[in-house]
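Descriptive structure summary
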Amino acid sequence: MFAVFKRARKAALTAAAALSAIALTACDPVAISTGPTINTSKPVPVALLVPRGSAQQGDRVLAQSLENAARLAIGDLQGAQIDLRVYDTAGNPATASTAAQQALDDGARVILGPVYAEAANAAGIAARQRGVNVLAFSNNPAIAGGNVFILGPTFDNTARRLTSLAARNGKRNILIVGGNDAAGAAGRAAIQRAASETGVSIKGSVGYDLSQQGVINAIPAIRSEAAGADAVFLTSTTAGALPLLAQLMPEAGVDPAVTQYIGLTRWDIPPQTLTLPGVQGGWFALPDQSKVQQFSARYQASYGAAPHPIGSLAYDGIAAIGALVAAGKSDALTGGALTQGAGFQGAGGIFRLRPDGTNERGLAVATIQEQKVVIIDPAPRSFAGAGF
(Lines give C-alpha, C1' and ligand atoms only; values in the text may rest on other atoms or scores of the structure.)
Protein backbone atom coordinates (compact mmCIF):
# COMPACT_ATOMS: atom_id res chain seq x y z
CA MET A 1 0.00 0.00 0.00
CA PHE A 2 2.74 2.44 0.92
CA ALA A 3 5.08 2.04 -2.06
CA VAL A 4 2.73 4.09 -4.18
CA PHE A 5 3.65 7.32 -2.38
CA LYS A 6 6.33 7.92 -4.99
CA ARG A 7 3.52 8.22 -7.54
CA ALA A 8 1.32 10.45 -5.38
CA ARG A 9 2.33 13.76 -6.98
CA LYS A 10 1.55 12.50 -10.47
CA ALA A 11 -1.69 10.81 -9.44
CA ALA A 12 -3.04 13.86 -7.64
CA LEU A 13 -2.49 16.05 -10.68
CA THR A 14 -4.28 13.72 -13.04
CA ALA A 15 -7.93 13.49 -12.29
CA ALA A 16 -8.26 11.54 -15.51
CA ALA A 17 -4.70 10.92 -16.72
CA ALA A 18 -1.19 12.36 -16.69
CA LEU A 19 -1.84 15.83 -18.01
CA SER A 20 0.92 18.03 -16.58
CA ALA A 21 2.37 19.98 -13.67
CA ILE A 22 0.31 22.65 -11.97
CA ALA A 23 3.11 25.24 -11.98
CA LEU A 24 3.05 25.80 -15.75
CA THR A 25 2.89 29.44 -16.81
CA ALA A 26 -0.11 30.42 -18.89
CA CYS A 27 0.19 31.96 -22.34
CA ASP A 28 -0.66 35.39 -20.93
CA PRO A 29 -4.40 35.47 -21.68
CA VAL A 30 -6.09 38.82 -21.05
CA ALA A 31 -9.57 38.43 -22.45
CA ILE A 32 -11.81 35.86 -24.07
CA SER A 33 -10.92 35.28 -27.70
CA THR A 34 -13.02 36.10 -30.70
CA GLY A 35 -12.43 33.37 -33.27
CA PRO A 36 -12.78 32.75 -37.00
CA THR A 37 -15.91 32.92 -39.08
CA ILE A 38 -17.01 29.69 -40.75
CA ASN A 39 -19.23 28.52 -43.56
CA THR A 40 -21.61 26.06 -41.90
CA SER A 41 -22.99 24.86 -45.25
CA LYS A 42 -19.69 23.11 -45.89
CA PRO A 43 -17.65 20.65 -43.78
CA VAL A 44 -15.83 22.60 -41.06
CA PRO A 45 -12.11 21.75 -40.82
CA VAL A 46 -11.28 20.63 -37.28
CA ALA A 47 -7.75 19.70 -36.24
CA LEU A 48 -7.26 16.96 -33.67
CA LEU A 49 -3.84 17.01 -31.97
CA VAL A 50 -2.93 13.72 -30.28
CA PRO A 51 0.25 12.49 -28.51
CA ARG A 52 1.04 9.79 -31.06
CA GLY A 53 4.82 9.38 -31.44
CA SER A 54 5.54 10.07 -27.79
CA ALA A 55 8.08 7.95 -25.93
CA GLN A 56 5.78 7.93 -22.91
CA GLN A 57 4.16 4.58 -22.25
CA GLY A 58 0.48 4.54 -23.08
CA ASP A 59 0.42 7.59 -25.34
CA ARG A 60 -0.11 5.51 -28.48
CA VAL A 61 -3.23 3.95 -26.98
CA LEU A 62 -4.38 7.36 -25.72
CA ALA A 63 -3.90 8.93 -29.13
CA GLN A 64 -5.97 6.24 -30.84
CA SER A 65 -8.68 6.44 -28.21
CA LEU A 66 -9.00 10.20 -28.68
CA GLU A 67 -9.26 9.81 -32.44
CA ASN A 68 -11.79 6.99 -32.10
CA ALA A 69 -13.94 9.00 -29.68
CA ALA A 70 -13.85 12.03 -31.96
CA ARG A 71 -15.02 9.95 -34.92
CA LEU A 72 -17.74 8.37 -32.80
CA ALA A 73 -18.98 11.87 -31.94
CA ILE A 74 -18.92 12.94 -35.59
CA GLY A 75 -21.18 10.01 -36.38
CA ASP A 76 -23.68 11.28 -33.80
CA LEU A 77 -23.89 14.82 -35.16
CA GLN A 78 -27.05 16.05 -36.81
CA GLY A 79 -27.02 19.08 -39.06
CA ALA A 80 -23.25 19.57 -38.90
CA GLN A 81 -20.42 18.37 -41.11
CA ILE A 82 -16.93 18.04 -39.66
CA ASP A 83 -13.75 17.53 -41.67
CA LEU A 84 -11.51 15.96 -39.00
CA ARG A 85 -7.77 16.09 -39.61
CA VAL A 86 -5.44 14.37 -37.15
CA TYR A 87 -1.96 15.63 -36.28
CA ASP A 88 0.65 13.96 -34.06
CA THR A 89 2.39 15.97 -31.36
CA ALA A 90 4.71 13.30 -29.89
CA GLY A 91 3.55 14.68 -26.55
CA ASN A 92 5.99 17.59 -26.57
CA PRO A 93 5.55 21.38 -26.90
CA ALA A 94 7.79 22.00 -29.91
CA THR A 95 6.09 19.35 -32.02
CA ALA A 96 2.67 20.50 -30.82
CA SER A 97 3.44 24.05 -31.94
CA THR A 98 4.56 22.81 -35.34
CA ALA A 99 1.50 20.58 -35.65
CA ALA A 100 -0.80 23.46 -34.74
CA GLN A 101 0.81 25.72 -37.33
CA GLN A 102 0.48 22.99 -39.98
CA ALA A 103 -3.18 22.49 -39.03
CA LEU A 104 -3.81 26.21 -39.38
CA ASP A 105 -2.05 26.28 -42.75
CA ASP A 106 -4.35 23.41 -43.77
CA GLY A 107 -7.37 25.54 -42.90
CA ALA A 108 -8.35 24.39 -39.40
CA ARG A 109 -11.02 26.64 -37.89
CA VAL A 110 -10.65 25.18 -34.40
CA ILE A 111 -8.08 22.92 -32.71
CA LEU A 112 -9.08 20.02 -30.49
CA GLY A 113 -6.25 18.92 -28.15
CA PRO A 114 -3.41 18.46 -27.33
CA VAL A 115 -3.34 16.49 -24.08
CA TYR A 116 -0.38 17.66 -22.03
CA ALA A 117 -0.47 21.17 -20.65
CA GLU A 118 2.89 22.33 -22.01
CA ALA A 119 1.94 21.09 -25.49
CA ALA A 120 -1.49 22.70 -25.24
CA ASN A 121 0.09 25.96 -24.15
CA ALA A 122 2.40 25.88 -27.19
CA ALA A 123 -0.47 25.07 -29.55
CA GLY A 124 -2.50 27.86 -28.01
CA ILE A 125 0.21 30.43 -28.66
CA ALA A 126 0.49 29.33 -32.29
CA ALA A 127 -3.29 29.41 -32.78
CA ARG A 128 -3.73 32.74 -31.02
CA GLN A 129 -1.61 34.42 -33.67
CA ARG A 130 -4.12 33.19 -36.25
CA GLY A 131 -7.29 33.97 -34.27
CA VAL A 132 -8.26 30.32 -33.74
CA ASN A 133 -9.52 28.75 -30.52
CA VAL A 134 -8.06 25.63 -28.89
CA LEU A 135 -10.09 23.10 -26.89
CA ALA A 136 -7.33 21.27 -25.02
CA PHE A 137 -7.64 17.97 -23.20
CA SER A 138 -5.62 19.29 -20.25
CA ASN A 139 -7.06 19.72 -16.76
CA ASN A 140 -4.52 22.43 -15.88
CA PRO A 141 -6.18 25.83 -15.31
CA ALA A 142 -2.80 27.57 -15.54
CA ILE A 143 -2.96 27.41 -19.34
CA ALA A 144 -6.65 28.37 -19.64
CA GLY A 145 -7.74 31.74 -20.93
CA GLY A 146 -7.71 33.80 -24.07
CA ASN A 147 -8.07 31.35 -26.95
CA VAL A 148 -7.33 28.23 -24.86
CA PHE A 149 -10.17 26.31 -23.22
CA ILE A 150 -9.50 23.18 -21.18
CA LEU A 151 -11.84 20.18 -21.30
CA GLY A 152 -10.27 18.11 -18.52
CA PRO A 153 -11.99 17.93 -15.11
CA THR A 154 -10.68 20.53 -12.67
CA PHE A 155 -10.22 20.69 -8.91
CA ASP A 156 -12.26 23.90 -8.83
CA ASN A 157 -15.29 22.28 -10.44
CA THR A 158 -15.20 19.35 -8.04
CA ALA A 159 -14.59 21.56 -5.02
CA ARG A 160 -17.54 23.81 -5.87
CA ARG A 161 -19.83 20.83 -6.28
CA LEU A 162 -18.85 19.27 -2.96
CA THR A 163 -18.72 22.43 -0.85
CA SER A 164 -22.14 23.39 -2.20
CA LEU A 165 -23.55 20.06 -1.05
CA ALA A 166 -21.76 20.43 2.29
CA ALA A 167 -23.33 23.84 2.84
CA ARG A 168 -26.79 22.52 2.02
CA ASN A 169 -26.29 19.74 4.56
CA GLY A 170 -25.07 21.95 7.38
CA LYS A 171 -21.38 21.06 7.03
CA ARG A 172 -20.12 24.64 7.13
CA ASN A 173 -16.81 24.34 8.99
CA ILE A 174 -14.26 22.44 6.94
CA LEU A 175 -10.72 21.30 7.66
CA ILE A 176 -8.52 20.80 4.59
CA VAL A 177 -5.97 17.98 4.63
CA GLY A 178 -3.54 17.83 1.71
CA GLY A 179 -0.04 16.95 0.64
CA ASN A 180 2.87 19.39 0.72
CA ASP A 181 3.32 19.32 -3.04
CA ALA A 182 2.03 21.16 -6.10
CA ALA A 183 -1.10 19.02 -6.37
CA GLY A 184 -1.90 19.44 -2.68
CA ALA A 185 -1.43 23.20 -2.93
CA ALA A 186 -3.66 23.36 -6.01
CA GLY A 187 -6.31 21.29 -4.24
CA ARG A 188 -6.24 23.46 -1.13
CA ALA A 189 -6.54 26.61 -3.20
CA ALA A 190 -9.50 25.17 -5.13
CA ILE A 191 -11.31 24.22 -1.92
CA GLN A 192 -10.68 27.66 -0.45
CA ARG A 193 -12.06 29.37 -3.55
CA ALA A 194 -15.09 27.10 -3.56
CA ALA A 195 -15.72 27.75 0.13
CA SER A 196 -15.80 31.50 -0.43
CA GLU A 197 -18.37 31.02 -3.20
CA THR A 198 -20.65 28.63 -1.32
CA GLY A 199 -20.71 30.10 2.19
CA VAL A 200 -18.52 27.46 3.80
CA SER A 201 -15.83 28.39 6.35
CA ILE A 202 -12.35 26.90 6.25
CA LYS A 203 -11.47 26.08 9.85
CA GLY A 204 -7.88 25.21 9.09
CA SER A 205 -5.49 23.32 6.84
CA VAL A 206 -3.05 20.52 7.66
CA GLY A 207 -0.31 19.45 5.26
CA TYR A 208 1.84 16.34 5.15
CA ASP A 209 4.96 15.19 3.36
CA LEU A 210 4.44 12.54 0.70
CA SER A 211 5.68 9.54 2.63
CA GLN A 212 4.23 7.06 5.08
CA GLN A 213 6.02 8.77 7.94
CA GLY A 214 4.93 12.18 6.69
CA VAL A 215 1.28 11.16 6.94
CA ILE A 216 1.79 9.57 10.35
CA ASN A 217 3.45 12.75 11.62
CA ALA A 218 0.47 14.85 10.51
CA ILE A 219 -2.17 12.80 12.34
CA PRO A 220 -1.94 14.64 15.72
CA ALA A 221 -2.48 17.99 13.99
CA ILE A 222 -5.38 16.58 11.98
CA ARG A 223 -6.96 15.21 15.16
CA SER A 224 -6.56 18.55 16.93
CA GLU A 225 -7.85 20.71 14.07
CA ALA A 226 -10.77 18.38 13.31
CA ALA A 227 -12.16 18.82 16.81
CA GLY A 228 -14.20 21.85 15.75
CA ALA A 229 -14.86 20.89 12.15
CA ASP A 230 -18.02 19.53 10.55
CA ALA A 231 -16.07 17.95 7.71
CA VAL A 232 -12.55 17.05 6.59
CA PHE A 233 -11.82 17.71 2.91
CA LEU A 234 -9.01 15.45 1.64
CA THR A 235 -7.06 16.29 -1.51
CA SER A 236 -5.23 12.94 -1.68
CA THR A 237 -5.72 10.23 -4.27
CA THR A 238 -6.31 6.52 -3.90
CA ALA A 239 -2.82 6.00 -5.36
CA GLY A 240 -1.35 8.34 -2.78
CA ALA A 241 -2.10 9.07 0.87
CA LEU A 242 -5.83 8.34 0.95
CA PRO A 243 -5.61 4.67 2.05
CA LEU A 244 -3.30 5.53 4.95
CA LEU A 245 -5.32 8.57 6.00
CA ALA A 246 -8.52 6.53 5.84
CA GLN A 247 -6.93 4.08 8.28
CA LEU A 248 -5.18 6.45 10.68
CA MET A 249 -7.74 9.26 11.01
CA PRO A 250 -10.54 7.08 12.44
CA GLU A 251 -8.01 5.33 14.70
CA ALA A 252 -6.99 8.77 16.01
CA GLY A 253 -10.58 9.63 16.90
CA VAL A 254 -11.66 11.58 13.82
CA ASP A 255 -14.88 9.62 13.56
CA PRO A 256 -16.30 9.62 10.00
CA ALA A 257 -19.75 9.04 11.50
CA VAL A 258 -19.47 12.45 13.20
CA THR A 259 -17.08 14.41 10.98
CA GLN A 260 -17.95 14.13 7.29
CA TYR A 261 -15.06 12.92 5.11
CA ILE A 262 -15.01 14.55 1.65
CA GLY A 263 -12.65 13.68 -1.21
CA LEU A 264 -11.42 15.95 -3.98
CA THR A 265 -10.55 12.92 -6.14
CA ARG A 266 -12.38 9.74 -7.15
CA TRP A 267 -12.62 7.20 -4.33
CA ASP A 268 -14.10 4.40 -6.43
CA ILE A 269 -10.96 3.77 -8.51
CA PRO A 270 -9.45 1.22 -8.07
CA PRO A 271 -12.37 -0.85 -6.73
CA GLN A 272 -10.40 -2.20 -3.75
CA THR A 273 -10.53 1.29 -2.22
CA LEU A 274 -14.19 0.63 -1.48
CA THR A 275 -13.21 -1.92 1.16
CA LEU A 276 -11.37 0.60 3.37
CA PRO A 277 -13.28 1.23 6.62
CA GLY A 278 -12.36 4.91 6.67
CA VAL A 279 -13.98 5.77 3.33
CA GLN A 280 -17.38 4.36 4.29
CA GLY A 281 -19.84 7.26 4.29
CA GLY A 282 -17.38 9.62 2.59
CA TRP A 283 -18.42 11.93 -0.24
CA PHE A 284 -16.76 12.33 -3.63
CA ALA A 285 -17.83 13.58 -7.05
CA LEU A 286 -17.97 11.74 -10.35
CA PRO A 287 -19.49 12.18 -13.81
CA ASP A 288 -23.02 11.10 -14.69
CA GLN A 289 -22.49 7.33 -14.61
CA SER A 290 -25.43 6.50 -16.87
CA LYS A 291 -23.90 8.69 -19.59
CA VAL A 292 -20.41 7.27 -18.98
CA GLN A 293 -21.70 3.72 -19.28
CA GLN A 294 -23.60 4.50 -22.48
CA PHE A 295 -20.51 6.03 -24.05
CA SER A 296 -18.26 3.17 -22.94
CA ALA A 297 -20.65 0.55 -24.30
CA ARG A 298 -20.92 2.28 -27.67
CA TYR A 299 -17.15 2.74 -27.88
CA GLN A 300 -16.56 -0.92 -27.00
CA ALA A 301 -19.06 -2.03 -29.63
CA SER A 302 -17.46 0.18 -32.28
CA TYR A 303 -13.78 -0.42 -31.56
CA GLY A 304 -13.61 -3.69 -29.64
CA ALA A 305 -11.95 -2.24 -26.54
CA ALA A 306 -12.70 0.10 -23.67
CA PRO A 307 -11.94 3.80 -24.18
CA HIS A 308 -8.96 5.39 -22.48
CA PRO A 309 -10.00 7.20 -19.26
CA ILE A 310 -9.71 10.59 -20.99
CA GLY A 311 -10.67 9.47 -24.47
CA SER A 312 -14.16 10.80 -23.88
CA LEU A 313 -12.83 14.37 -23.86
CA ALA A 314 -12.43 14.19 -27.64
CA TYR A 315 -16.08 13.14 -27.88
CA ASP A 316 -17.03 16.16 -25.78
CA GLY A 317 -15.02 18.53 -27.93
CA ILE A 318 -16.64 17.34 -31.14
CA ALA A 319 -20.08 17.37 -29.49
CA ALA A 320 -19.63 21.03 -28.55
CA ILE A 321 -18.25 22.04 -31.94
CA GLY A 322 -20.96 20.10 -33.77
CA ALA A 323 -23.79 21.58 -31.71
CA LEU A 324 -22.58 25.09 -32.46
CA VAL A 325 -22.00 24.45 -36.15
CA ALA A 326 -25.46 22.89 -36.47
CA ALA A 327 -26.99 26.21 -35.44
CA GLY A 328 -25.81 27.54 -38.82
CA LYS A 329 -24.13 30.72 -37.60
CA SER A 330 -20.86 31.99 -39.02
CA ASP A 331 -19.64 32.92 -35.52
CA ALA A 332 -20.20 29.39 -34.18
CA LEU A 333 -16.57 28.92 -33.14
CA THR A 334 -15.92 32.29 -31.49
CA GLY A 335 -15.22 32.54 -27.79
CA GLY A 336 -18.68 33.95 -27.14
CA ALA A 337 -20.36 30.98 -28.82
CA LEU A 338 -18.14 28.39 -27.15
CA THR A 339 -19.04 29.78 -23.71
CA GLN A 340 -22.81 29.72 -24.14
CA GLY A 341 -24.47 29.31 -20.75
CA ALA A 342 -26.61 26.32 -21.69
CA GLY A 343 -23.52 24.22 -22.31
CA PHE A 344 -23.37 20.93 -24.15
CA GLN A 345 -24.16 17.25 -23.75
CA GLY A 346 -21.02 15.16 -23.50
CA ALA A 347 -19.97 11.59 -22.87
CA GLY A 348 -20.07 12.13 -19.10
CA GLY A 349 -23.08 14.44 -18.90
CA ILE A 350 -23.51 18.17 -19.28
CA PHE A 351 -20.58 20.56 -19.44
CA ARG A 352 -19.90 24.13 -20.41
CA LEU A 353 -16.86 26.25 -21.11
CA ARG A 354 -16.28 29.31 -18.96
CA PRO A 355 -15.03 32.69 -20.18
CA ASP A 356 -11.83 32.19 -18.16
CA GLY A 357 -11.02 29.11 -20.26
CA THR A 358 -11.89 26.54 -17.59
CA ASN A 359 -14.96 24.33 -17.63
CA GLU A 360 -17.89 23.36 -15.49
CA ARG A 361 -19.22 19.82 -15.52
CA GLY A 362 -22.46 18.50 -14.12
CA LEU A 363 -21.19 16.05 -11.52
CA ALA A 364 -22.96 13.57 -9.28
CA VAL A 365 -22.01 13.17 -5.62
CA ALA A 366 -21.55 9.64 -4.33
CA THR A 367 -20.88 7.99 -1.02
CA ILE A 368 -19.67 4.52 -0.10
CA GLN A 369 -22.04 2.28 1.82
CA GLU A 370 -21.23 -1.33 2.64
CA GLN A 371 -18.32 -1.18 0.18
CA LYS A 372 -20.56 -0.04 -2.68
CA VAL A 373 -20.88 3.30 -4.48
CA VAL A 374 -24.22 4.97 -3.83
CA ILE A 375 -25.27 8.20 -5.57
CA ILE A 376 -26.62 10.65 -2.99
CA ASP A 377 -27.03 13.69 -5.24
CA PRO A 378 -27.52 12.95 -8.96
CA ALA A 379 -25.73 14.82 -11.70
CA PRO A 380 -27.87 17.67 -13.10
CA ARG A 381 -29.20 17.22 -16.61
CA SER A 382 -29.10 20.96 -17.36
CA PHE A 383 -27.38 24.00 -15.91
CA ALA A 384 -30.65 25.75 -15.09
CA GLY A 385 -30.97 25.46 -11.31
CA ALA A 386 -28.03 23.04 -11.15
CA GLY A 387 -26.96 24.41 -7.77
CA PHE A 388 -23.39 25.31 -8.74
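Quick caveat: nothing in here was measured; it's all calculated off a predicted structure. (Residues numbered from 1 in each chain as written. Predicted model: local features only at pLDDT ≥ 70, side-chain atom pairs only at ≥ 80, totals over all residues. Heavy atoms only, no water.)

**Quick word on the sheet that holds strand β2 (residues 82-88)**
One open sheet holds the five strands; their spatial order is β2-β1-β3-β4-β5, and the pairing between them is parallel. Only two strands of the sheet have a single neighbouring strand rather than two, namely β2 and β5 (148-150). The mean angle between the axes of side-by-side strands here comes to 25°, regardless of whether they run parallel or antiparallel. By the bridge criterion, three bridges tie strand β4 (residues 133-136) to β5 in an arrangement that is parallel. Paired with Ala136 across the strands is Ile150, a residue of β5. This element, helix α3 (residues 93-105), spans β1 (44-50), β2 and β3 (110-112) of the sheet and lies at about 150° to β2. Each of β1, β3, β4 and β5 touches helix α4 (residues 117-128); the most contacted strand, β4, lies at about 165° to it. (Pairing = 2+ DSSP bridges. Helix = DSSP H or I, 4+ residues; strand = E, 2+ residues; numbered from the N terminus. Axes fitted to C-alpha atoms, helices over the stretch in contact; angles between N-to-C directions. Contact = heavy atoms within 4.5 Å.)

**Comments concerning the pairing of strand β12 (residues 349-353)**
With four of its five residues buried, β12 lies for the most part within the structure. Summarising the sheet, strand β11 (residues 344-346) and β12 pair through three bridges and their orientation is antiparallel. Bridging from a neighbouring strand, Gln345 pairs with Ile350 of β12. (Buried < 20%, exposed > 50% of the residue type's maximum accessible area, 1.4 Å probe, protein only.)

**Description of the confidence of the model for the chain**
Looking at the chain, the pLDDT average stands at 91 and 90% of residues meet or exceed 70. In the model, residues 1-30 has pLDDT below 50 throughout and makes 76 contacts with residues more than four positions away in sequence or in other chains. (pLDDT = per-residue confidence, 0-100.)

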